[in-house]
Amino acid sequence: MKSSVSEPLPMDDDIIIIEHLYKGFGKVKALVDVSLRVKRGEVCFIFGPSGGGKSTLLRCINHLETPDSGRIIVDGIPVTHAKTNIDLVRAEVGMVFQLFNLFPHLTVRENVTLAQQKVRKRPKEEATRVALALLERVGIPEKADAYPGQLSGGQKQRVAIARALAMNPKIMLFDEPTSALDAEMIKEVLDVMLDLAQEGMTMVVVSHEMGFAKAAADRMVFLDGGRIIEEGTPEELFKNPKEERTKQFLSQVLY
Amino acid sequence: MAITREIEKPQPKLIPWTAKLAEVPWWGLIILLMGVLIVYFIFVSPTYQDAFYFLIAGVRLTILVSLSSFATSLVLGLVAGLGRVSKNVPYYTLSSVYVEVVRGIPILVLLIYFAYVATPLALQFLNWLGTAMLQNLAIGPLVGPANFLANLNIQGVDMTVRAIAGLAFCYGAFEAEVFRAGIQSIEKGQMEAARSLGMSYFQAMRYIILPQAIRRVLPPLGNDFIAMLKDSSLISVLAVRELTHLGKLNRARTFRTFETWNTVAFLYLIMTLSLSLLVKFMERRMAFEE
């Protein structure tokens, strides 16, 4: 972590600022000099081949991975700085995982209320009210008292989204939210995400769902070999990608 | 449908009768028979009756010692187990040294060491501390505790207390490894999900990881509790009047070896069998759909 306090923090429209990020796992270079800015209310769609560094980049944003060097600033707070209380940043950044990671020993309702009570210090009644409203919003109010083990994959992922939203995050990170789902459940999760995007939530989505990108993304970022190969609007990337690698990849994933 | 039902129908004639016999818990029957026999003797034979009433006080102490040592060892084990998965280097190192050292010394040796070496040493240290405080820091509220420390006497530490401390210290190391295994068996994503919601490491442990880990380690913990109850017989070498020690005394008193040790073994068995029932019950109650 190279940043220091004395450096001025850019305070502008960009809610996420990533500068010259490097990250390696042993000999594998997961991220090589990645710089990226995400504006408030923007939906940023990151795609690329497996092992290209997409998830690593996403996990660096809320510091689940510690980058080797470079700087990340989330809503004016330098995440990569050693003295930053990362828990405060994470409370503002919701995350949805590929494998849901619901807490299996708690009911759906408790899954959604726990962090509100322990981190946001909301009283139980308020947390429950928020939880039920959010479960209504993601379309499964009747499952409030079920345990995660009793839900389908799509329902689990919608609970996970509600759990993240309950913290009133400023940013939502999605790490391949539909990759572990059966085909018929993908839509119910994408619908919830689309709603969120239309309400103006800042979202960073790592996914292979090109349909979602077409419908909701403001910007697409193509990541391969740990580098950003190309970025642009869905229009630009789908119609005429500049780089050969992007063309090649898109031709393989699009029918 | 009708055809499948025909096929799935059990065909009792084809199962050899020996296979059926194998399913009968013969060992349980034998134990039950022995138990009934001993209970019968306790009611009828004056020798057994005498032994039983003499030994029953030991049962009480054995239960007391086991419960308090196990409770203490759980706390020790949890603290050390959290250390074994901690990224804090001194905490991790200290926990590892504790586990490796204690695991590597026979419990009997450690018990004797605890009672006759560690306790006197600790007392000497406390006495020295008290004296030093009296000489250098004898101000107001400190005089009382300083006097107390300086005048602590080795006779003041009951052998039972030393035994409990020793047993807890030994088993804490095993419990630490059980807790570590339990914590590490919880998927990494659970910690990540909890942290991503803004919970601290401690909160994530407290509300997410440990509740799940403890459910998973209930069987080995129950196993260790039963093992500890049996190992509490070792403290008879410290002349603590628990069941085994009273057994020795009873034999010396009556010269009835056979009846004495029959009763002792029977009483231990009653305790351990009821414990395994209790553990089974708890496992069932705490189970949840994964």
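The text that follows walks through the structure, step by step, so that each part is easy to find. Keep in mind it's a predicted model, so treat the numbers as computed, not measured. Note on numbering: residues in each chain are counted from 1, in written sequence order. Each chain gets a letter, beginning with A, and each ligand a number, beginning with 1, in the order they are written. Local features in a predicted model are, by the rule used here, given only for residues with pLDDT of at least 70; side-chain atom pairs are given and counted only at 80 or more, and totals for whole chains, interfaces and linings are based on all residues. The side-chain numbers reported here are obtained from all heavy atoms of the structure, hydrogens and water having been left aside.

Much of the literature gives interface size as the accessible area that the parts lose upon coming together. In this complex, chain B contributes 20 residues to the contact, which on the side of chain A involves 26 residues. Between chain B and chain A, a total of about 2,000 Å² is buried, with carbon and sulfur atoms accounting for 60% of that surface. The rule for a salt bridge is simple: a side-chain nitrogen of Lys or Arg has to be within 4 Å of a carboxyl oxygen of Asp or Glu. Taken together, the connections running from chain B to chain A amount to two salt bridges. The closest approach of N and O atoms between R59 of chain A and E192 of chain B, which form a salt bridge, is 2.6 Å. The term polar contact refers here to a pair of N or O atoms within 3.5 Å; inside protein, the definition further demands a hydrogen-donor-capable atom paired with an acceptor-capable atom, and it admits residues adjacent in sequence only when both atoms are side-chain atoms. Inspection of the region where chain B meets chain A yields eight residue pairs in polar contact (both at pLDDT 80 or more). Every helix listed is a DSSP run of H or I at least four residues long, and every strand listed is a run of E at least two residues long, numbered separately from the N terminus. Here the element with the most residues in the side of chain B that touches chain A is helix α9 (residues 188–196) of chain B; it accounts for seven residues. Polarity classes work like this: nonpolar for Ala, Val, Leu, Ile, Met, Phe, Trp, Tyr, Cys and Pro, charged for Asp, Glu, Lys and Arg, and polar for all others, with Gly in that last group. Of the residues assigned to the side of chain B that touches chain A, the class counts are eight nonpolar, seven polar and five charged. Should any heavy atoms of two residues lie within 4.5 Å, those residues are considered in contact. What counts as buried area is the accessible surface, traced by a 1.4 Å probe, that two parts surrender upon association, with contributions from both included.

This part covers unusual backbone geometry. If you check the backbone angles, H20 of chain A has positive phi at about 50 degrees while not being a glycine. Structurally, H20 of chain A is set in strand β1 (residues 14–25). Phi is positive for F255 of chain B, which is not a glycine, with a value near 60 degrees.

With that settled, consider the sheet that holds strand β10 (residues 227–232) of chain A. All names here are of chain A. An order of β6-β7-β8-β3-β9-β10 is seen for the six strands of this open sheet, with the pairing classed as mixed. The open sheet has two edge strands, β6 (93–96) and β10, and neither has a second partner. Neighbouring strand axes in the sheet, compared pairwise and without regard to direction, differ in orientation by 15 degrees on average. Two strands pair if DSSP finds at least two bridges between them. Alignment of strand β3 (residues 43–47) against strand β9 (residues 219–224), held across four bridges, turns out to be parallel. Opposite F45, over in β9, you have M220 as the bridge partner. Axis definition: a line fit to C-alpha positions, over the contact stretch in the case of helices; interaxial angles, taken between N-to-C directions, run 0 to 180 degrees. The sheet contacts of helix α5 (residues 153–165) involve β6 and β7 (171–175), and relative to β6 the element is tilted by about 170 degrees.

Residues and elements named next belong to chain A. In contact at an axis separation of 9 Å, helix α3 (residues 108–118) and helix α4 (residues 124–137) are set at 130 degrees when each is read in the N-to-C sense. With respect to each other, α3 and α4 are oriented oblique. Regarding α3 and α4, the two cross each other, and that crossing is right-handed. Counting all contacts with α3, which are made through V108, R109, V112, T113, Q116 and Q117, the residues of α4 involved are K124, A127, T128, V130, A131, L132 and L135. Of the residues that constitute the contact of α3 with α4, the class distribution is seven nonpolar, four polar and two charged. To sort the angles, those under 35 degrees are grouped as roughly parallel, those over 145 as roughly antiparallel, those from 65 to 115 as roughly perpendicular, and the leftovers as oblique. Two helices cross in a left-handed way if the nearer one is turned anticlockwise from the farther one by less than a right angle. They cross in a right-handed way if the turn is clockwise.

Let us look at the pattern of salt bridges. Counted by the stated rule, this structure contains 28 salt bridges over all chains. The salt bridge partner of R71 of chain A is E19 of chain A, with a shortest N-O separation of 3.2 Å. With R71 of chain A in strand β4 (residues 69–74) and E19 of chain A in strand β1, this residue pair connects regions lying 52 residues apart in the sequence. Measuring nitrogen to oxygen at the nearest pair gives 2.5 Å for the salt bridge that ties R245 of chain A to D224 of chain A. In this pair, R245 of chain A sits in helix α9 (residues 244–253) while D224 of chain A sits in strand β9, placing the two residues 21 residues apart along the sequence. For each residue, the accessible area found with a 1.4 Å probe, counting protein chains only, is set against the maximum for its type, and the residue is called buried under 20%, exposed over 50%, and partly exposed in between. Judged by its relative accessible area of 27%, R245 of chain A is partly exposed. One network of salt bridges, in which partners are shared, links R84, E100, R103, E177 and R180 of chain B.

So, about the state of the cysteines. Throughout this description, disulfide means a covalent bond between two cysteine sulfur atoms. Any cysteine sulfur atom paired with another within 2.5 Å is treated as part of a disulfide. Within the structure shown, the criterion is met by zero disulfides over all chains. Here C60 of chain A is not cross-linked by a disulfide; its sulfur's nearest cysteine counterpart is in C44 of chain A, at 15 Å.

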